[in-house]
Amino acid sequence: MPKPIVLIAEILSPATIDALGGDFEIRQTEGADRSQLLNDIVDADAILVRSATQVDAEAIAAAKKLQVIARAGVGLDNVDVPAATSAGVMVVNAPTSNITSAAELTMAHILGSARYFGAGNTSLKAGEWNRKKYTGVELYEKTLGIVGLGRIGGLVAERAKAFGMRLVGYDPYITQARAAQMGVEVVDLPGLLAVSDFVTVHMPKTPETTGMISTEEFKAAKPGARFINVARGGIIDEEALAEAVAAGEVGGAGIDVWSTEPPEHSALMELDAVNVTPHLGASTAEAQEKAGVAVAKSVRKALAGELVPDAVNVAGGAIHEDVRPGIPLAERLGRVVNSLADSSVTHFKVEVNGEIADKDVSVLKLSALKGLFRDVVSDQVSYVNAPLLAEERGIGVELVTDPYCESFRNVTRLTATTSEGQRISVSGTVTGPKLVQKLTEVNGFDLEIELTDNLLIFRYEDRPGIIGQLGQALGANEINIAGMQVSPSATDNDALSVLAVDSAVSEEVVKAVAGAVNASAFSGVSLNED
Ligand SMILES: NC(=O)c1ccc[n+]([C@@H]2O[C@H](COP(=O)([O-])OP(=O)(O)OC[C@H]3O[C@@H](n4cnc5c(N)ncnc54)[C@H](O)[C@@H]3O)[C@@H](O)[C@H]2O)c1
Ligand SMILES: O=C(O)CC[C@@H](O)C(=O)O
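The rules behind each value
- Residues numbered from 1 in each chain as written.
- Chains lettered and ligands numbered in written order.
- Predicted model: local features only at pLDDT ≥ 70, side-chain atom pairs only at ≥ 80, totals over all residues.
- Heavy atoms only, no water.
- Helix = DSSP H or I, 4+ residues; strand = E, 2+ residues; numbered from the N terminus.
- Buried < 20%, exposed > 50% of the residue type's maximum accessible area, 1.4 Å probe, protein only.
- Expected span 1.5 Å × (residues − 1).
- Polar contact = N/O pair within 3.5 Å; in protein donor to acceptor, adjacent residues only side chain to side chain.
- Contact = heavy atoms within 4.5 Å.
- Near = heavy atom within 4 Å.
- Areas by Shrake-Rupley, 256 points an atom, 1.4 Å probe, with all protein chains shown as cover.
- Nonpolar A, V, L, I, M, F, W, Y, C, P; charged D, E, K, R; others polar.
- Pairing = 2+ DSSP bridges.
- Axes fitted to C-alpha atoms, helices over the stretch in contact; angles between N-to-C directions.
- Right-handed = clockwise from strand over helix to strand, strands pointing away.
- Core = buried A, V, L, I, M, F, W, Y, C linked by side-chain atoms within 4.5 Å.
- Arc of directions from axis to C-beta.

J.: How should the environment of Pro 14 be read in this particular structure?
T.: Along the chain, the position of Pro 14 falls in helix H1 (residues 14–20). Classification of Pro 14 by relative accessible area gives exposed; the value is 61%. Residues Pro 14 and Glu 398, 384 residues apart in the sequence, show an inter-C-alpha distance of 44 Å.

In C-alpha cells, the structure reads:
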C-alpha cells in the first residue's frame, strides 16, 4: 500500500521530519509559489505550513485527498478554516509553541524602541558617533499598556513586571480575576492610551482589531508613547503610525508584523525612531522545534484517524483509553443505522451506558455521526464535518450517558427517527482482550453476534420451519453463512435473524431471500472499508 503523502510547504525544523517518522512519503514544495502549491497539494494527505502559504478555499478544493492542514505556529489567518471544515479537513496548529519567543521579541522591541537600538546600530556602522541623538528612556516605573491579555500578552506582563513597569491592560474577553493574577489593572482602551508610555498589542487579527490603533488613538495617547506590534500586521495602522511618529506625537515604534508581507514602500522604514523586524516573533530554534514536533505528532494522529487535541475545527481533546475501542464500534453502528433507514434520518441519539459513561465520550457521538453519513455523502466524511453535515440536514443530535449497563461493561446504543416516522435502534459492545465488536440489539431484539463486515437482517413472523426456509433461500442464492443469531420478540410473534455472511449481498438478492420468508423488514449491511 502506498504511504500517505505529507507535503511540507515551508522551511520547518529538522525535528519535524524526525517526529513524523517513517510511515509517510515526505514531499517538499514551495508554498508561497501559488502554481507549485496548487499542483503539489492535489494528492497530499497532509500539508504542513507556516505563515507564507495561503491554504485557502481554492487550494483546499484542489486537494483531492487532504485530511489535515497543520500550521506550525499559532495564527491561522493563512488557512481558510471554514472551507477546510466543509471539506472534512482537520486543521491543527501549535498554539503554545512560539509564545515565549513572541513575548521575548516583544520585550526586545520595547527595549529597542526605548533605547534607539536600530538607529544607533545603523548610525555607528555608518561611521557616526551620535551619543546625544540616541538618548532614550528607562522602562523602570514606566507604564506598559497591554492590549490583548491572552497567552503572549500574559507572558509579556510577567517579563515587564521584572523591569519594574506598571501594567495596565485592555481585553474585553477576560475576567478581572485573570488580569489581577497577571498583575495587570484592567482599563478601557482610551484609559490605557491616556496613561501608557509603551503600548503593545497581542490580539488576533479580526475585523474588530484591524486598524484598532490608528490616527484617533495616537492623538488620544500619552505624548511620546511608543507602540509595539508583534501580533498581526494592520492591527496598528502603519500609515497612521508613520504620520504620528513623523509629527512627533508618537515617540517610537517596534513593528514585527506587516499588513502586507513583505511590506511594500512603508514610510516606517524611513524613520529613525521605528525599529522593524521581518516577522521574526517565532523565528527561534526553540519555537520552530516545538512547533514542528507538535504538528508532526498531530499529523500522525490525524492520519491514523484519531482525534487531535490541537485540532481547531473539531471538538476533541484527550480520549480516555477505555473510550478508544468504542470509537470504531460507534462508527460501524452508525453505518448499520444508515443501512436500516428507509428514509432520511431526522433525529439521532447516541447513548453510552456502562463504565465509560463518566468519561468524556463526546468522540463516540462524532464517530457515530461519521458512520451515519459515510455511505451516503460522496465527499469525505470526517470527525470535522460530520456535525456540520448533521446541522445542514437539520438532524437533531443527542448524546446521553448512563453508568448503568445490565449485561456488558459498556454498550453504545444508537437510535434514529426518520422523516417517514421509522424508528431504528442498534446497540453494540466491544468484548475481550481482542476487542471483538458485537451487535447486541437491533430494533428491540436482543442478540450477541460479531459485528462482521457483511450482515443480513430479516424480521418475519416466527413459525415452525422458518429457519430452514431462510437457510434454503440463502443457499439457493449461493450465500455462505458464517454465523447466525435468532432473537424472538418479547412482545409479539415476530423474530429477527441476523446472519454474518462471507461477502456483500446485492439488494436484489436480499429482496429475493426476504420474499421467500415473507419478511416484514430486511436489510443487507455492508461495512467494508472501501
Ligand atoms: N510575531 C509573531 O511571529 C507571532 C508569534 C506568535 C503569535 N503571534 C500573534 O500574536 C497574537 C496573540 O497570540 P496569543 O497566542 O497570545 O493569542 P491568544 O488567543 O492567547 O490571546 C489573544 C487575546 O486577545 C484578546 N482579544 C481579542 N479581541 C480583542 C479586542 N478587540 N480587544 C482587546 N483584546 C482582544 C482575546 O480576548 C485574547 O485574550 C496573535 O495575533 C498571534 O497570531 C505572532
Ligand atoms: O514564523 C511563522 O511561522 C509565523 C509565526 C507566528 O506569526 C504565528 O502565528 O505562529
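From this point, the discussion proceeds with the structure in view.
J.: What should I look at first to understand helix H5 (residues 99–114) in this one?
T.: Because each turn of an α-helix spans 3.6 residues, side chains separated by three or four positions in sequence point in the same direction. For H5, built from 16 residues, the straight-helix expectation of 22 Å at 1.5 Å per residue is met to within 8% by its first-to-last C-alpha distance of 22 Å. A large share of H5 lies buried, amounting to 12 of its 16 residues. Taken together, the buried positions of H5 are Ile 99, Ser 101, Ala 102, Ala 103, Leu 105, Thr 106, Met 107, His 109, Ile 110, Gly 112, Ser 113 and Ala 114. Tyr 116 sits one or two positions beyond H5 and adopts a positive phi of about 50°.

J.: Explanation requested: unusual backbone geometry in the structure shown.
T.: If a residue is not glycine, its phi is most likely negative; likewise, a peptide bond is most likely trans. Cis geometry is found at the peptide bond from Glu 261 to Pro 262, where omega equals -5°. You can see Pro 262 is positioned in the loop between strand E11 (252–255) and strand E12 (274–276). One non-glycine residue, Glu 141, lies in positive phi territory at about 65°. Within the element layout of this structure, Glu 141 appears in the loop between helix H6 (117–125) and strand E6 (143–147). The class of Glu 141 is exposed, set by a relative accessible area of 60%. The phi torsion at His 265 lies on the positive side, around 45°, for a residue other than glycine. As for its placement among the helices and strands, His 265 is situated in the loop between E11 and E12. Residue classification places His 265 among the exposed residues on the basis of a relative accessible area of 81%.

J.: Looking at this structure, I do not really get the side chain of Glu 441. What am I missing?
T.: Within the secondary structure, Glu 441 sits in strand E17 (residues 436–442). At 2.7 Å, the side chain of Glu 441 and the side chain of Ser 427 are in polar contact. At 2.7 Å, the side chain of Glu 441 and the backbone nitrogen of Gly 444 are in polar contact. Beyond its immediate chain neighbours, meaning those up to four positions away, Glu 441 contacts Arg 413, Ser 425, Val 426, Ser 427, Asp 446 and Leu 447.

J.: What's the story with the site of ligand 2 in this structure? I'm lost.
T.: Taken together, the residues surrounding ligand 2 are Arg 50, Ser 51, Arg 71, Gly 73, Val 74, Gly 75, Asn 98, Arg 232, His 279 and Ala 282. The backbone of Gly 75 places a nitrogen or oxygen atom 2.7 Å from an oxygen atom of ligand 2. A distance of 2.6 Å is found between an oxygen atom of ligand 2 and a side-chain nitrogen or oxygen belonging to His 279. Burial of ligand 2 by the protein amounts to 92% of the accessible area it has alone, namely 300 Å². Here the residues of the shell around ligand 2 are counted per class, giving two nonpolar, five polar and three charged.

J.: Explanation requested: the environment of Ile 457 in the structure shown.
T.: Looking at where Ile 457 falls in the secondary structure, it is placed in strand E19 (residues 454–461). Linking Ile 457 and Leu 340, residues 117 residues apart in sequence, is a C-alpha distance of 9.0 Å. With residues near it in sequence (within four places) discarded, Ile 457 still touches Leu 340, Leu 496, Ser 497, Val 498, Ala 521, Phe 522, Ser 523 and Val 525.

J.: What is the right way to read the site of ligand 1 from this model?
T.: Around ligand 1, the structure places 29 residues, and the nearest of them are Arg 151, Ile 152, Asp 171, Met 203 and Asp 256. Between His 279 and ligand 1, the recorded distance is 3.3 Å, taken from a side-chain N or O atom to an oxygen atom. Compared with its free state, where it exposes 870 Å², ligand 1 has 89% of that area covered by protein. Every element with two or more residues in the shell around ligand 1 is listed here: H5 and helix H7 (151–162). Per-class residue counts for the shell around ligand 1 are 16 nonpolar, eight polar and five charged.

J.: Looking at this structure, how should I read the sheet that holds strand E9 (residues 198–201)?
T.: Within a sheet, each strand pairs with its neighbour through backbone hydrogen bonds, oriented either parallel or antiparallel. Pairing is parallel in the open sheet, where seven strands are placed in the order E8-E7-E6-E9-E10-E11-E12. Looking at which strands have only one partner, the edges of the open sheet turn out to be strand E8 (185–186) and E12. Where E6 and strand E7 (residues 166–170) come together, five bridges link them in parallel fashion. Paired with Leu 144 across the two strands is Leu 167, which belongs to E7. Here H5 sits on the sheet in contact with E6, E9, strand E10 (226–229), E11 and E12, set at roughly 155° to E10.

J.: Can you walk me through the pairing of strand E4 (residues 68–71) in this structure?
T.: Successive side chains on a regular strand alternate, one facing one side of the sheet and the next facing the other. Of the two faces of E4, the one carrying Val 68 and Ala 70 and the one carrying Ile 69 and Arg 71 are both buried. Strand direction decides the pairing type here: strand E3 (residues 46–49) and E4, joined by four bridges, are parallel. Directly across from Leu 48, in E4, lies its bridge partner Ala 70. For E4 and strand E5 (residues 90–93), the ladder comprises four bridges, and the chain directions are parallel. In the strand pairing of E5, Arg 71 is matched with Asn 93. Following the backbone out of E4, through helix H4 (residues 81–86) and into the adjacent parallel E5, one traces a crossover that is right-handed.

J.: What am I meant to see in the nonpolar core here?
T.: The nonpolar side chains of a soluble globular protein tend to be buried, and buried together. Of all hydrophobic cores here, the largest spans 71 residues; its most connected members are Met 90, Val 299, Phe 348, Leu 364, Phe 373 and Leu 439. When neighbours within four sequence positions are excluded, Leu 364 is seen to be in contact with Val 323, Gly 326, Ile 327, Ala 330, Val 350, Val 352, Ile 356 and Thr 412. Judged by nonpolar contacts, the second largest core, of 34 residues, contains Ile 213, Leu 271, Ala 273 and Val 274.

J.: Would you mind going over helix H17 (residues 507–516) with me for this structure?
T.: Inspection of H17 places Val 510, Val 513 and Ala 514 among the buried residues, and these make up the whole buried set. Looking down the long axis of H17, one finds its buried residues gathered within 100° of arc, a one-sided arrangement. Among the exposed residues of H17, those oriented more than 90 degrees off its buried face are Glu 508, Lys 511 and Gly 515. Close packing links the buried residues of H17 with E19, helix H16 (466–476) and strand E22 (521–526). Directly beyond the C-terminal end of H17, a positive phi value near 55° is found at Asn 518.

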